[in-house]
Amino acid sequence: MAAFVHDSSLSAAPEVVEAIASAVRIALSDTVADDMTRRRTLTGITNREREVLSLMASGLGNRAIAQRLSVSERTVEAHVKNIFRKLELPVTERDNRRVRAVLTFLGSVGLKDPC
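Rules used in this analysis
- Residues numbered from 1 in each chain as written.
- Predicted model: local features only at pLDDT ≥ 70, side-chain atom pairs only at ≥ 80, totals over all residues.
- Heavy atoms only, no water.
- Helix = DSSP H or I, 4+ residues; strand = E, 2+ residues; numbered from the N terminus.
- Buried < 20%, exposed > 50% of the residue type's maximum accessible area, 1.4 Å probe, protein only.
- Polar contact = N/O pair within 3.5 Å; in protein donor to acceptor, adjacent residues only side chain to side chain.
- Contact = heavy atoms within 4.5 Å.
- Salt bridge = Lys/Arg side-chain N within 4 Å of Asp/Glu carboxyl O.
- Core = buried A, V, L, I, M, F, W, Y, C linked by side-chain atoms within 4.5 Å.
- Axes fitted to C-alpha atoms, helices over the stretch in contact; angles between N-to-C directions.
- Parallel < 35°, antiparallel > 145°, perpendicular 65-115°, else oblique.
- Expected span 1.5 Å × (residues − 1).
- Arc of directions from axis to C-beta.

Participant: An account of the side chain of glutamate 49 is needed here, citing residue identities and associated values.
Facilitator: Position of glutamate 49 among the secondary structure elements: in helix α5 (residues 47–57). Look at glutamate 49 and you get buried, because its relative accessible area is 3%. A polar atom in the side chain of glutamate 49 sits 2.9 Å from the backbone nitrogen of threonine 46. Once residues within four sequence positions are removed from consideration, glutamate 49 is found in contact with Gly44, His79, Asn82, Ile83 and Lys86.

Participant: Now, about the pattern of salt bridges: what can you tell me, with residues and values included?
Facilitator: By the definition in use, this model includes 5 salt bridges. For arginine 94, the salt bridge goes to aspartate 95, with nearest N and O atoms at 3.7 Å. For aspartate 95, a relative accessible area of 18% gives the class buried. For the salt bridge of arginine 100 with aspartate 95, the shortest nitrogen-to-oxygen distance reads 3.8 Å. For the residue pair arginine 100 and aspartate 95, the accessibility class agrees, reading buried in each case. Where salt bridges share partners, they join Arg94, Asp95 and Arg100 into one cluster.

Participant: How would you summarise the side chain of histidine 79 if you had to cite specific residues and measurements?
Facilitator: Of note, histidine 79 is situated in helix α7 (residues 73–86). Leaving out residues up to four positions away in the same chain, histidine 79 has contacts with Arg48, Glu49 and Val52.

Participant: Outline unusual backbone geometry, listing residues and values.
Facilitator: With a phi angle near 55 degrees, serine 70 is a residue other than glycine that sits in the positive phi range. For serine 70, the position within the fold is in the loop between α6 (62–69) and α7. Of note, the phi angle at glutamate 88 is positive, near 55 degrees, even though the residue is not glycine.

Participant: Tell me what's going on with the nonpolar core, and back it up with residues and numbers.
Facilitator: In terms of nonpolar packing, the biggest core is built from 21 residues, with Val52, Leu53, Met56, Ile65, Leu87 and Ala101 touching the most fellow members. Put simply, the parts of the chain that give this core at least two residues each are α5, α6, α7 and α8 (97–108). Here this core gets 5 residues from one element, more than from any other, and that element is α5.

Participant: Which residues make up the packing of α5 against α8, and what are the values?
Facilitator: Direction vectors running N to C along α5 and α8 enclose 105 degrees, while the axes themselves pass 9 Å from each other. On the basis of the axis angle, α5 is roughly perpendicular to α8. In contact with Arg50, Leu53, Ser54, Met56 and Ala57 of α5, α8 contributes Arg98, Ala101, Val102, Phe105 and Leu106.

Participant: Lay out α7 in plain terms, naming residues and giving numbers.
Facilitator: Relative to the 20 Å expected for 14 residues at 1.5 Å per residue, α7 spans 20 Å between its end C-alpha atoms, a close match to the ideal helical length. Within α7, the full set of buried residues consists of Val76, His79, Val80, Ile83 and Phe84. Viewed end-on, α7 has its buried residues packed into an arc of 140 degrees, placing them on one side of the element. Seen from the buried face of α7, the exposed residues on the opposite side, beyond 90 degrees, are Arg74, Lys81 and Arg85. Each element contacted by the buried residues of α7 is listed here: α5, α6 and α8. Backbone geometry just after α7 places glutamate 88 at a positive phi near 55 degrees.

All quantities given are derived from atomic positions and should not be read as evidence of function.
Quick look at the structure:
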């Protein structure tokens, strides 16, 4: 599935995004973690950070996002750190902050029950 997620030409289709979100929901079925993701919103996220989140949801890594946006990889890293901070996603051994951020984004753009 990792190769599938990172193929940006395939992941642009809404049905693919929904399939990925469903798989992630199953993998992260912990009730507490689900509730935390549901409560998060994109309040305070800038337009550029939303753009970065959208590309993250497409399966792109920081380097590919930087190339797509014509910025440095370090700039993308700064946006990602800001996204994590604004979404209150602390570093933990149990959760993947990038996945949590993408789930929050998917929920904000109308995907039913992102968790």
